[in-house]
Protein chains: 2
Amino acid sequence: MTDGATLKIKAQIMLGDEIAMGPGKAALLEAITREGSISAAGRALGMSYRRTWMLVDTMNRCWAQPLVETAAGGRHGGGARLTEAGARVLAHYRAIEAQLGDAQEGTDWGVLRGLLRDLPEPSRST
Amino acid sequence: MTDGATLKIKAQIMLGDEIAMGPGKAALLEAITREGSISAAGRALGMSYRRTWMLVDTMNRCWAQPLVETAAGGRHGGGARLTEAGARVLAHYRAIEAQLGDAQEGTDWGVLRGLLRDLPEPSRST
């Protein structure tokens, strides 16, 4: 259990009913850069192989250009990295999140914080 | 299916692991004001009786003062309305949401919009 009060803000870029970009997909793009492969990135984030590839597939179907490129490389199998479009999309998404973070410093959140208990009362329902 | 690209932003006020306020609970508070009773508000939002009362219970356990007061009233059963604390919490939450809405007008979202397809490509997975 996480103690204390937090204001959680989530930005999702929707295209039709699909989530083209959100916290999970942004984390995956960053992990791909770090790990150098899609499967390793998924493993590092504790996601199943199937879910990892579904996120990549959804991004590919939503954005005009691929965000991730794979290399059919060498004896250890291919790696993966962000395309220029992938790096741009990730950077602009993170910029939106940073802008949203300003609300964390706002007076409305300050007031609401003061109206919360220190911890939730335990639930009495069974 | 909703056509086109949208930037969806969700604010959740967490207390420990509980959601003290979010889009669903704010909608419920507004429906209570409109409908004059908790059950009618839940029905108006298409929520089950159980879920409606769970949301109210969670709010009561998270905020120092009750956000909703019920009246053990008259021959038609009791009604409900927001307390002063309830009205304040709702107003500040909506103010945070309005502030977040500024990101909808930002340049980052403008750039990202331009990088999306018009619609997602159909999924080829079975």
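Scroll up to find the structure this text is about.
Conventions used here
- Residues numbered from 1 in each chain as written.
- Chains lettered and ligands numbered in written order.
- Predicted model: local features only at pLDDT ≥ 70, side-chain atom pairs only at ≥ 80, totals over all residues.
- Heavy atoms only, no water.
- Helix = DSSP H or I, 4+ residues; strand = E, 2+ residues; numbered from the N terminus.
- Buried < 20%, exposed > 50% of the residue type's maximum accessible area, 1.4 Å probe, protein only.
- Contact = heavy atoms within 4.5 Å.
- Areas by Shrake-Rupley, 256 points an atom, 1.4 Å probe, with all protein chains shown as cover.
- Lys, Arg positive; Asp, Glu negative; His and termini not counted.
- Charge placed at Lys NZ, Arg CZ, Asp CG, Glu CD.
- Axes fitted to C-alpha atoms, helices over the stretch in contact; angles between N-to-C directions.
- Left-handed = near helix turned anticlockwise from the far one by under 90°.
- Nonpolar A, V, L, I, M, F, W, Y, C, P; charged D, E, K, R; others polar.
- Core = buried A, V, L, I, M, F, W, Y, C linked by side-chain atoms within 4.5 Å.
- Phe/Tyr/Trp six-rings, centres within 6.5 Å; stacked < 30°, edge-to-face > 60°.
- Pairing = 2+ DSSP bridges.
- Salt bridge = Lys/Arg side-chain N within 4 Å of Asp/Glu carboxyl O.
- Buried area = accessible area lost by both parts, 1.4 Å probe.
- Least-squares fit on C-alpha atoms with pLDDT ≥ 70 in both.

1. Remarks on the overall build of chain A
- Along the backbone of chain A there are five helices and four strands.
- If you list the helices and strands of chain A from N to C, you get β-β-α-α-α-β-β-α-α.
- Here chain A holds 126 residues, and 41% of them are scored as buried.
- Partitioning the contacts of chain A with sequence separation of at least 6, the portion at a separation of at least 24 is 54%.
- Here chain A has roughly 6,900 Å² of accessible surface; of this, 50% comes from carbon and sulfur atoms.
- Of note, chain A has its 15 positive side-chain charges centred 7 Å away from the centre of its 14 negative side-chain charges.

2. Focus: the packing of helix 5 (residues 107–115) of chain A against helix 4 (residues 84–100) of chain B
- In contact at an axis separation of 9 Å, helix 5 of chain A and helix 4 of chain B are set at 145° when each is read in the N-to-C sense. In terms of crossing hand, the pair formed by helix 5 of chain A and helix 4 of chain B is left-handed. Counted together, Asp108, Trp109, Val111, Leu112 and Leu115 of chain A of helix 5 of chain A and Arg88, Val89, His92, Tyr93, Ala95 and Ile96 of chain B of helix 4 of chain B form the full contact between these two elements.
- Its residues assigned to classes, the contact of helix 5 of chain A with helix 4 of chain B shows eight nonpolar, one polar and two charged.

3. Here we look at the nonpolar core
- Counting 71 residues, the largest nonpolar core has Ile13, Met21 and Trp63 of chain A together with Ile13, Met21 and Trp63 of chain B as the members making the most contacts within it.
- Non-local contacts of Met21 of chain A, meaning those with residues more than four positions away in its chain, are made with Ala11, Gln12, Ile13, Ala26, Leu29, Met59, Trp63, Leu67, Val89 and Tyr93 of chain A.

4. Some words on the packing of aromatic side chains
All names here are of chain A.
- This structure, assessed with the given rule, holds two aromatic pairs over all chains.
- Look at Tyr49 and Trp53: their rings are 6.2 Å apart centre to centre, the planes differ by 45°, and that puts the pair in the tilted class. In this pair, Tyr49 and Trp53 both sit in helix 3 (residues 49–62), four residues apart, roughly one turn of the helix.

5. Structural notes on the pairing of strand 1 (residues 5–15) of chain A
- Most of strand 1 of chain A sits inside the fold, with eight of its eleven residues counted as buried.
- Note: strand 1 of chain A against strand 1 (residues 5–15) of chain B, eleven bridges, orientation antiparallel. What sits directly across from Leu15 of chain A, in strand 1 of chain B, is Ala5 of chain B.
- Taken together, the three bridges between strand 1 of chain A and strand 2 (residues 18–21) of chain A define a ladder with antiparallel strand orientation. The partner of Ile13 of chain A across the bridge, within strand 2 of chain A, is Met21 of chain A.
- Taking the residues between adjacent antiparallel strands as the criterion, strand 1 of chain A and strand 2 of chain A are bridged by two residues, where Gly16 of chain A takes a positive phi near 60°.

6. Structural notes on the pattern of salt bridges
Residue and element names in this part refer to chain A.
- Tallied over the entire structure, the rule returns twelve salt bridges over all chains.
- Put simply, Arg117 and Glu121 hold a salt bridge, and the shortest N to O gap is 3.5 Å.
- You can call Arg117 partly exposed: its relative accessible area is 26%.
- A cluster of three or more residues bridged by salt bridges with shared partners is formed by Glu18, Asp57 and Arg61.

7. Here we look at the interface of chain B and chain A
- With 48 residues of chain B at the interface, the matching set in chain A holds 48 residues.
- Between chain B and chain A the total buried area reaches about 4,500 Å² when both faces are included, carbon and sulfur atoms providing 60% of it.
- Of all residues in chain B, Arg61, Leu112 and Leu115 of chain B bury the most surface against chain A, accounting for 14% of the area lost on that side.
- At the surface where chain B touches chain A, the tally comes to zero salt bridges.

8. Remarks on the relation of the copies chain B and chain A
- Superposing chain B onto chain A requires a rotation of 180° together with a translation of 0.0 Å along the rotation axis, leaving an RMSD of 0.0 Å. Taken together, the turn and the small shift mark the pair as related by a two-fold rotation axis. When C-alpha distances to the rotation axis are compared across chain B, the minimum falls at Lys10 of chain B, with a value of 2.6 Å.
- When you check the interface residues of chain B against chain A, 100% turn up at the interface there too, and the contact is symmetric in its surfaces.

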